[in-house]
Amino acid sequence: MIQANNNVSPKQIKVLVCQGTGCTSSKSEQVRLALEEDVKKAGLKDVIVDYTGCHGFCQQGPIAVVEPEGIFYTHVKPEDAAEIVNSHFVNGKPVERLFYRDPVTNEPISSYHNIKFYMMQQRLILRNCGHINPEKIDDYIAADGYKALEKVLKTMTPKQVIDEVKKSGLRGRGGAGFSTGQKWELCYIEPGPKKYMICNADEGDPGAFMDRSTMEGDPHTVIEGTMIAAYAIGADEGYIYCRAEYPLAIKRLLIAIKQAE
């Protein structure tokens, strides 16, 4: 299930507009800019408009989520911004016509917590996607980002890291499902003066979005995982292999790498 954004104070309203590839291609950036402009016109100091990576429900885009309420607006257009600001933020009445509708009952559902598409999910790798700005390292750190790396570097040996990963049962996300801990161990025991950590973020199958969504929506988690793996296998240099057809993913990875440095 999607988790609520706990980085929003009770008095503060945060509007998170999806700017993953799917929503961006349907004018989500114009939606965000229109919301920013109308919030400014209304003089609302406690309303923050920001953007996130993919929320995962691209067919409903452009999507805007209002936290901490969890109000889920679908198919938002730039011209809807004024109504959202005036009706919802000024007068406290969410805009029902922009709610998600149950495909069977046609009932409007205001919160993503009650949408079956999200209720059936337990997000692990994508836990931050849709909740943080992928181009702000402070958002990632506020969501406990880089704590795992800190623990590994301060309290664990490479062998302990490998044993922990083996114990977890973590496996590769490709077709073979190979043991991640075993893979790292084979690299760890291999002799040689120089080792490289390769993060394979390429997706050869058509329409695949699993790696792309992570890089676009939470690039720091890719960097943190790569650094932990590098420490475990004894590598001091690494590469993230990403295809040129993913320009947004590459852009956000480069920003995240610079911030992480």
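Everything here concerns the structure above.
What counts and how
Residues numbered from 1 in each chain as written. Predicted model: local features only at pLDDT ≥ 70, side-chain atom pairs only at ≥ 80, totals over all residues. Heavy atoms only, no water. Helix = DSSP H or I, 4+ residues; strand = E, 2+ residues; numbered from the N terminus. Contact = heavy atoms within 4.5 Å. Polar contact = N/O pair within 3.5 Å; in protein donor to acceptor, adjacent residues only side chain to side chain. Pairing = 2+ DSSP bridges. Axes fitted to C-alpha atoms, helices over the stretch in contact; angles between N-to-C directions. Core = buried A, V, L, I, M, F, W, Y, C linked by side-chain atoms within 4.5 Å. Buried < 20%, exposed > 50% of the residue type's maximum accessible area, 1.4 Å probe, protein only. Salt bridge = Lys/Arg side-chain N within 4 Å of Asp/Glu carboxyl O.

## Here's the deal with the environment of Lys195
- By the secondary structure assignment, Lys195 is in the loop between helix H8 (180-189) and strand S7 (196-200).
- A C-alpha to C-alpha distance of 41 Å links Lys195 and Leu16, two positions 179 residues apart in sequence.
- The residues touching Lys195, leaving out its near neighbours within four places in the chain, are Cys187, Tyr188, Ile189, Glu190, Ile233, Gly234, Ala235, Asp236 and Glu237.
- From its side chain, Lys195 meets the backbone oxygen of Tyr188 in a polar contact 3.0 Å long.

## Remarks on the sheet that holds strand S4 (residues 71-73)
- Read from one edge to the other, the open sheet built from four strands follows the order S2-S1-S3-S4, with strand pairing classed as mixed. Each of the sheet's edge strands pairs with one partner strand only, and the pair in question is strand S2 (47-52) and S4. With direction set aside, neighbouring strand axes in the sheet form an average angle of 20 degrees.
- Together, strand S1 (13-18) and S2 form the strand contacts of helix H2 (residues 28-41), whose direction differs from that of S2 by roughly 170 degrees.
- In this fold helix H3 (residues 81-90) packs onto S1, S2, strand S3 (64-67) and S4, with an angle of close to 165 degrees to the strand it touches most, S4.

## Digging into the nonpolar core
- In this structure, Val15, Leu35, Val66, Tyr73, Ile84 and Phe89 are the most contacted members of the largest nonpolar core, which totals 21 residues.
- Residue assignment for this core shows that the elements contributing at least two residues are S1, H2, S2, S3, S4 and H3.
- Ignoring anything within four residues of it in the chain, the contact list for Ile84 reads Leu35, Tyr73, Val76, Phe89, Val95 and Leu98.
- Counting 20 residues, the second-largest nonpolar core is a separate cluster that includes Ile162, Ile223, Ala230 and Ile233.

## Comments concerning the pattern of salt bridges
- Within this structure, the stated rule accounts for 17 salt bridges.
- Residue Glu29 is joined to Arg32 by a salt bridge in which the shortest nitrogen-to-oxygen separation is 3.7 Å. Linking Glu29 with Arg32, this pair stays in helix H2, spanning three residues, or about one helical turn.
- Classification of Glu29 by relative accessible area gives partly exposed; the value is 36%.
- Residues joined by salt bridges that share partners form a network here, namely Lys159, Asp163, Lys166 and Glu185.

## Focus: the pairing of S3
- Residue alternation in S3 divides its side chains into two sets, Ala64 and Val66 and Val65 and Glu67, and both sets are buried.
- As defined by bridge partners, S1 adjoins S3 across four bridges and the pair is classed as antiparallel. Along S3, the bridge assignment pairs Val17 with Ala64.
- Counted along the chain from S3 to the antiparallel partner S4, the turn is three residues long, and its residue Gly70 has a positive phi close to 85 degrees.

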